Amino acid sequence: MVIKTVYEPPTEFNIPGLVYFPVGPVADMTPIEPAQLFDNVYYIGSIFVGALLIKTPDGIVMIDSCENEKAVKTLLIPGMQKLGLDPKDITDILISHGHFDHFGGGEYLQKEYGCRIWMSKRDEAFMLEVPMMPEQFMPIGVPEVDEHLVGDSLVEIGGVPFSIYSTPGHTPGCMSFSFPVYDNGTEHTACIYGGLGMPRTIEEQRQFLTSSYDFRYTCKEIGADVALSTHPFVDYLQDKLKKQNVPGAPNPFVIGKNRVELFMDCMIASIENAIAAQE
């Protein structure tokens, strides 16, 4: 299977600077300069996909693992070194769902550094039963899952609380997250919706819609004011990075509670549109 790059979303699902839902997969492998987003959060990867790294008192927790061993060796590890981070400090990897571009680098990291791999039990099976591995990204490793992510739970790793939410639809066992981030010492609440691409069947899309409504409610309930993604084209990461070092300007990744809800509203609208087109 070959993924083609598509850059033309319906305008109603695209709010420049906030959220961008394309009509097809975006496979732009152009590297993004490794970046520190918050005191304790970093992004390393390409425009297509990458990993978020959360620094804890005991090491580094990653959310997702890049798409394959090559990306880990050419982007992740050099990027960490450039940011002054040591790959040996990776203790845990939380994998949001069972698509190759989220778990593909996990096997190498697990074998090389002994870090624990977390994934939902359902998507552990999905990762093995429905391999989605385009030719241009091969070879892709499949990690062994050490711990299962469970929805509506709290996992403390390295003294940092990670809230786990079950959000099936994009995949059967997709998981989403929230955790504290710090901007010059000021605490904010970040959320990550684990799976953003539109599933194919109308039944999956309906499940996706239910999960999106649920996660929108969760974001409001916990007061999330930061929305992050391991697909940086979705949340305009590059545009935000350009604004990050402007003297006196606020951190562009702190978008506020209302805009986090708007982020989810756009996602909900895109799913409703896809369902309506089939009914």
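This report concerns the structure included in the present document. Everything quoted here is computed from the prediction, not taken from an experiment. Counting restarts for each chain: residues are numbered from 1 in the order of the written sequence. Confidence filtering applies because this is a predicted model: local features only for residues at pLDDT of at least 70, side-chain atom pairs given and counted only at 80 or more, and all residues used for totals across whole chains, interfaces and linings. In computing side-chain values, all of the structure's heavy atoms are included and hydrogens and water are not.

Here the focus is the overall build of the chain. Across its full length, the chain holds seven helices and 14 strands. Throughout, the radius of gyration refers to the C-alpha atoms, and the reference size of a globule is 2.2 Å times the residue count to the power 0.38. A globule of 279 residues ought to have a C-alpha radius of gyration of about 19 Å, and the chain, at 17 Å, matches this closely. Whether a residue is buried, partly exposed or exposed follows from its accessible area with a 1.4 Å probe, protein chains only, as a fraction of its type maximum: under 20%, in between, or over 50%, in that order. Buried positions account for 57% of the 279 residues belonging to the chain. Note on definitions: a residue-residue contact is assigned when non-hydrogen atoms from the two residues lie within 4.5 Å. At a minimum sequence separation of 6, the contacts of the chain that also span at least 24 residues come to 65%. Total accessible area on the chain is roughly 12100 Å²; 51% of this is exposed by carbon and sulfur atoms. Within this scheme the basic residues Lys and Arg register as positive and the acidic residues Asp and Glu register as negative, but His and the chain ends are omitted. Taken as the charge centre is NZ of Lys, CZ of Arg, CG of Asp or CD of Glu, depending on the residue. For the chain, the centre of its 19 positive side-chain charges and the centre of its 37 negative side-chain charges are spaced 4 Å apart. A run of H or I in DSSP becomes a helix once it reaches four residues, and a run of E becomes a strand once it reaches two; helices and strands are each numbered from the N terminus. To be clear on the numbers: accessible area is Shrake-Rupley with a 1.4 Å probe, and residue cover counts the displayed protein chains and nothing else.

As a further point, take the sheet that holds strand E7 (residues 90-94). Note: two strands are recorded as paired if DSSP finds a minimum of 2 bridges between them. The strand order across the open sheet formed by seven strands is E3-E4-E5-E6-E7-E8-E9, and the pairing between neighbours is mixed. Looking at the sheet topology across the chains shown, the edges are occupied by strand E3 (31-38) and strand E9 (147-149). Averaged over all pairs of adjacent strands, the angle between their axes in this sheet comes to 20 degrees, without regard to strand direction. Pairing geometry for strand E8 (residues 116-120) and E9, over three bridges, is parallel. In the sheet register, Met119 faces E9, and the bridge partner there is His148. The angle between two axes is taken between their N-to-C directions and runs from 0 to 180 degrees, where each axis is a line fitted to C-alpha atoms and a helix contributes only its stretch in contact. Helix H6 (residues 237-244) contacts E3 and strand E4 (41-46) of the sheet and is inclined by roughly 60 degrees relative to E3.

A separate point is the side chain of Ser229. Relative to the helices and strands, Ser229 is located in the loop between strand E14 (226-228) and H6. Its relative accessible area of 3% is what places Ser229 among the buried residues. Other than its neighbours up to four places away in sequence, Ser229 contacts Leu52, Leu196, Val234 and Asp235.

The next point concerns the nonpolar core. With 58 residues, the main nonpolar core has Phe21, Leu37, Val41, Leu94, Phe162, Phe179 and Leu228 as its most contacted residues. Note on terminology: a nonpolar core comprises buried Ala, Val, Leu, Ile, Met, Phe, Trp, Tyr and Cys residues joined through side-chain atoms within 4.5 Å. Counting 29 residues, the second-largest nonpolar core is a separate cluster that includes Ala71, Ile90, Phe100 and Phe103.

On to the pairing of strand E11 (residues 160-166). Of all the seven residues making up E11, five are buried; the element is thus mostly covered by neighbouring parts of the structure. Pairing analysis gives five bridges linking strand E10 (residues 153-157) to E11, with the strands arranged antiparallel. Note on E11: the bridge partner recorded for Ile157 is Val160.

A word on the sheet that holds E10. Spatially, the five strands line up as an open sheet ordered E10-E11-E12-E13-E14, and their pairing is mixed. Unpaired on one side and paired on the other, E10 and E14 mark the two borders of the sheet. Across the sheet, the axes of successive neighbouring strands diverge by a mean angle of 30 degrees, strand direction being ignored.

On to the pattern of salt bridges. Salt bridges are defined as contacts in which a side-chain nitrogen from Lys or Arg sits within 4 Å of a carboxyl oxygen from Asp or Glu. This structure, assessed with the given rule, holds eight salt bridges. Across the pair Glu33 and Lys82 runs a salt bridge, and its minimum N-O distance is 2.4 Å. You can see Glu33 sitting in strand E3 and its partner Lys82 sitting in helix H1 (residues 69-82), a full 49 residues away along the chain. The exposure class assigned to Glu33 is partly exposed, which follows from its relative accessible area of 48%. Notably, a salt bridge pairs Glu147 with Arg116, separated by 4.0 Å at the nearest N-O pair. Placement of Glu147 in strand E9 and of Arg116 in strand E8 is noted, with a sequence separation of 31 residues between them. For Glu147, a relative accessible area of 32% gives the class partly exposed.

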